[in-house]
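# Residue-level structural notes
Below, each chain spelled out in residue letters.
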Amino acid sequence: QLQPVESGGRVVSTGESLKLSCTASGISLDRYAIGWFRQGPGKEREGIVCKNYGANMLYIDDSVDGRFAISRDASKRTVYLQMNNVQPDDSGVYFCAIGGQNNVIIPWDCGQRHFHFWGRGTQVTVSS
C-alpha cells in the first residue's frame, strides 16, 4: 500500500512561484497515475493537474493551464507541482494522489475515481 506525502506549501504573494513535492513510501513512481488536487475554502476538492505516467497522458485544469506543470526527478521517486504566477484563487490545501500502475485509461481526466491513495495535504496561501 502506498502512502503519498506532500511538502512545500507555504504563504506566498500574488505572482510568485512555488514548487510542491510528493513522495510515496520511498519507491519509484514510474508508470503510475499521479494527480494533484486542490480544496479551496468552502469548496469541494478538484483535480488541478493529473498525469498518467503509464500511458503518457496529461490533464490540466483550465484555471491553471499555462501556469502549473507536473514533473519528476531522475529517480522517479519524487513528483513535483511547479506553480508559477500564483493567484489568490490558488489558495487551498493541495493533495497528491496515486492511482494504478501500467494502466491505460481513456478518456483521461482528473476524476477522483482514478486515484486510490491520498496524502494528507499541504496548505498554500496566496496573499494579495
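Described below are features of the structure shown in this document. (Residues numbered from 1 in each chain as written. Predicted model: local features only at pLDDT ≥ 70, side-chain atom pairs only at ≥ 80, totals over all residues. Heavy atoms only, no water.)

### A word on the pattern of salt bridges
Close approach of charged atoms allows side chains with opposite charge to pair. With the rule as written, the count across this model stands at five salt bridges. As a salt-bridge pair, Asp-90 and Arg-38 come within 3.1 Å of each other at their nearest N and O atoms. Taken together, the residues span a long stretch of sequence, with Asp-90 in the loop between strand S8 (79–83) and strand S9 (92–101) and Arg-38 in strand S4 (residues 32–39) at a distance of 52 residues. Assessed through its relative accessible area of 2%, Asp-90 is described here as buried. Of the residues examined, Arg-38 reaches a relative accessible area of 6% and is grouped as buried. Connected via shared salt-bridge partners are Arg-38, Glu-46, Arg-67 and Asp-90. (Salt bridge = Lys/Arg side-chain N within 4 Å of Asp/Glu carboxyl O. Helix = DSSP H or I, 4+ residues; strand = E, 2+ residues; numbered from the N terminus. Buried < 20%, exposed > 50% of the residue type's maximum accessible area, 1.4 Å probe, protein only.)

### Some words on the state of the cysteines
Taken as a whole and judged by the stated rule, the model has two disulfides. For Cys-22, the disulfide goes to Cys-96, at an S-S distance of 2.0 Å. Its S-S torsion of about -75° marks the bond between Cys-22 and Cys-96 as left-handed, since a negative value means left-handed. Here Cys-96 lies in strand S9 and Cys-22 lies in strand S3 (residues 18–24), a separation of 74 residues in the sequence. The disulfide partner of Cys-50 is Cys-110, and the gap between their sulfur atoms is 1.9 Å. The S-S bond linking Cys-50 to Cys-110 shows a torsion near 110°; that makes this disulfide right-handed. With Cys-50 in strand S5 (residues 46–52) and Cys-110 in the loop between S9 and strand S10 (115–118), the pair connects residues that are 60 residues apart, well separated along the chain. The exposure class assigned to Cys-110 is buried, which follows from its relative accessible area of 9%. The connectivity of the disulfide-linked cysteines in the chain, indexed sequentially, is 1-3, 2-4. (Disulfide = S-S within 2.5 Å.)

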